[in-house]
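Listed below, chain by chain, are the residues.
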Amino acid sequence: MTTQSPPVVPAETLTAVWLTAEGLEAALMDYVDLLAACIDGGASIGFLLPVAQSRLEQYWRAVAVAVAADERRVLGLCLDGRLAGSVQLGLSMPQNGAHRVDLGKLLVHPWARGRGLSRLLMQAAEGEARRLGRSLIVLDTEEGSLAESLYPRFGYQEAGRIPDYACNPGGTLHPTVLFYKRLKPA
Ligand SMILES: CC(C)(COP(=O)(O)OP(=O)(O)OC[C@H]1O[C@@H](n2cnc3c(N)ncnc32)[C@H](O)[C@@H]1OP(=O)(O)O)[C@@H](O)C(=O)NCCC(=O)NCCS
C-alpha cells in the first residue's frame, strides 16, 4: 500500500478532463507541444529525434480517432488554464482480456514538473479504469528512467524486464520494465 501525499498544487488551479475526439482535435497543438517537450527531454515514448511536428500531429490525430471509437481515453490536466500533463488508457483488448487496460503516455510538461501532477494523473487514470469496470492496469517504461522509480511508489508491481526493447530518442536501444497493478472495485 502506498501513502497518498497531498497534491503540491492547490486544487482550484487544476482542471482535469477526459477528452472527446473533438476536444483533442481542438487542442491538438497543445498536445503536440507537450509530447515534443517530453521527447526533447529524452523520454522514450515512441519517437526518435529529430521528430517532425507533422509526425506528432499525425500521432494525436490517430489518438483522436481511437478516442472516437471508444478504444482509448485521454486525460488532459491543465494548470491555470495551460496544458500541464496527460495520460492515456488503451481500452481495446481481446475478448479474454477485457478486464485489462494499457496505461501509457504519462506526460508532464517540463514547466509543470515536480508538483505532484504525475500522481494526480495516475490516480485519475486508475479511477477511470475502475469506473469502466477494469481490474488490471499494465504499463511499461524505460529501465533507469524517473518513471521506473515512480511506478512502485504508486503501487505498481514489476513483472519483468525485456532487454533492447526500444530506442530512446537518441536511437540507443534500452531495456523496458513491465509493471502491473490490480484494481480493487470502487
Ligand atoms: C515522469 C514524469 C511523468 C514525472 O512527472 P512529475 O509531475 O514531475 O512528477 P511528480 O511531481 O508527481 O513527482 C513524483 C515523484 O517523483 C519525484 N521527482 C520528480 N521529479 C524528479 C526528478 N527530476 N528527480 C528525482 N525525483 C523526482 C518527486 O519528488 C515525487 O516524489 P514523491 O512521490 O516521493 O513526492 C515526468 O518527469 C515526465 O513527463 N517525464 C517525461 C515523460 C515520461 O518519461 N513519462 C513516463 C513514460 S512511461
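Residues numbered from 1 in each chain as written. Predicted model: local features only at pLDDT ≥ 70, side-chain atom pairs only at ≥ 80, totals over all residues. Heavy atoms only, no water.

Asker: What am I meant to see in the packing of helix H2 (residues 28-40) against helix H3 (residues 53-68) here?
Answerer: Helix packing geometry: the angle between the two helix axes and the distance between the axes. Orientation of H2 relative to H3, taken along the N-to-C sense of each, is 120°, at an axis distance of 9 Å. The pairing of H2 with H3 is recorded here as oblique in orientation. Classified by chirality, the crossing of H3 by H2 is right-handed. From H2, Leu28, Met29, Tyr31, Val32, Leu35, Ala36 and Ile39 reach across to H3, where they touch Gln53, Leu56, Glu57, Tyr59, Trp60 and Arg61. Class assignment of the residues belonging to the contact of H2 with H3 gives a composition of 10 nonpolar, 1 polar and 2 charged. (Axes fitted to C-alpha atoms, helices over the stretch in contact; angles between N-to-C directions. Helix = DSSP H or I, 4+ residues; strand = E, 2+ residues; numbered from the N terminus. Parallel < 35°, antiparallel > 145°, perpendicular 65-115°, else oblique. Left-handed = near helix turned anticlockwise from the far one by under 90°. Contact = heavy atoms within 4.5 Å. Nonpolar A, V, L, I, M, F, W, Y, C, P; charged D, E, K, R; others polar.)

Asker: Just to check I follow, could you spell out H2 for this structure?
Answerer: Since the α-helix advances by 3.6 residues per turn, residues separated by three or four positions end up pointing in the same direction. For H2, with 13 residues, the first-to-last C-alpha span of 18 Å sits near the 18 Å given by 1.5 Å per residue. For H2, the set of buried residues is Leu28, Tyr31, Val32, Leu34, Leu35, Ala36, Ala37, Cys38 and Ile39. Buried residues belonging to H2 abut helix H1 (21-26), H3, strand E2 (72-79), strand E3 (82-90) and strand E4 (100-108). Phi turns positive one or two residues past the end of H2, at Gly42, with a value near 100°. (Expected span 1.5 Å × (residues − 1). Buried < 20%, exposed > 50% of the residue type's maximum accessible area, 1.4 Å probe, protein only.)

Asker: What is the right way to read the side chain of Glu126 from this model?
Answerer: Inspection of the secondary structure assignment puts Glu126 in helix H4 (residues 117-131). Overall, the relative accessible area of 8% leaves Glu126 in the buried class. A polar contact is formed between the side chain of Glu126 and the side chain of Lys181, at a distance of 3.0 Å. Residues within four places of Glu126 in sequence aside, it is in contact with Ile137, Phe154, Tyr156, Lys181 and Leu183. (Polar contact = N/O pair within 3.5 Å; in protein donor to acceptor, adjacent residues only side chain to side chain.)

Asker: I'm lost on the site of the ligand in this one. Help?
Answerer: Residues in contact with the ligand amount to 18 residues; listed here are only the nearest, Leu106, Val108, Gly116, Ser118 and Arg153. The contact in question runs from an oxygen atom of the ligand to an N or O atom on the backbone of Gly114, over 2.9 Å. At a separation of 3.5 Å, an oxygen atom of the ligand approaches a polar backbone atom of Leu117. Contact with the protein chains covers 68% of the free accessible surface of the ligand, which is 940 Å². Elements supplying a minimum of two residues to the shell around the ligand: E4, H4, strand E5 (136-142) and helix H5 (146-153). When grouped by side-chain class, the residues that make up the shell around the ligand number 9 nonpolar, 4 polar and 5 charged. (Near = heavy atom within 4 Å. Areas by Shrake-Rupley, 256 points an atom, 1.4 Å probe, with all protein chains shown as cover.)

Asker: What is the right way to look at the packing of aromatic side chains in this model?
Answerer: Two aromatic rings are characterised by how far apart their centres lie and by the angle between their planes. Considering all chains together, one arrives at 5 aromatic pairs under this definition. Summarising the aromatic geometry, the rings of Tyr31 and Trp60 are spaced 5.2 Å apart at their centres and angled 65° between planes, so their arrangement reads as edge-to-face. Here Tyr31 is found in helix H2, whereas its partner Trp60 is found in helix H3, with 29 residues between them in sequence. No difference in accessibility class separates Tyr31 from Trp60, as the two residues are buried. Taken together, a centroid distance of 5.9 Å and an interplanar angle of 65° make the contact between Tyr151 and Tyr156 edge-to-face. For Tyr151, a relative accessible area of 6% translates into the label buried. Through successive ring pairs, a cluster of aromatic residues spans Tyr31, Phe47, Tyr59 and Trp60. (Phe/Tyr/Trp six-rings, centres within 6.5 Å; stacked < 30°, edge-to-face > 60°.)

Function cannot be inferred from these measures alone, as they are strictly geometric.
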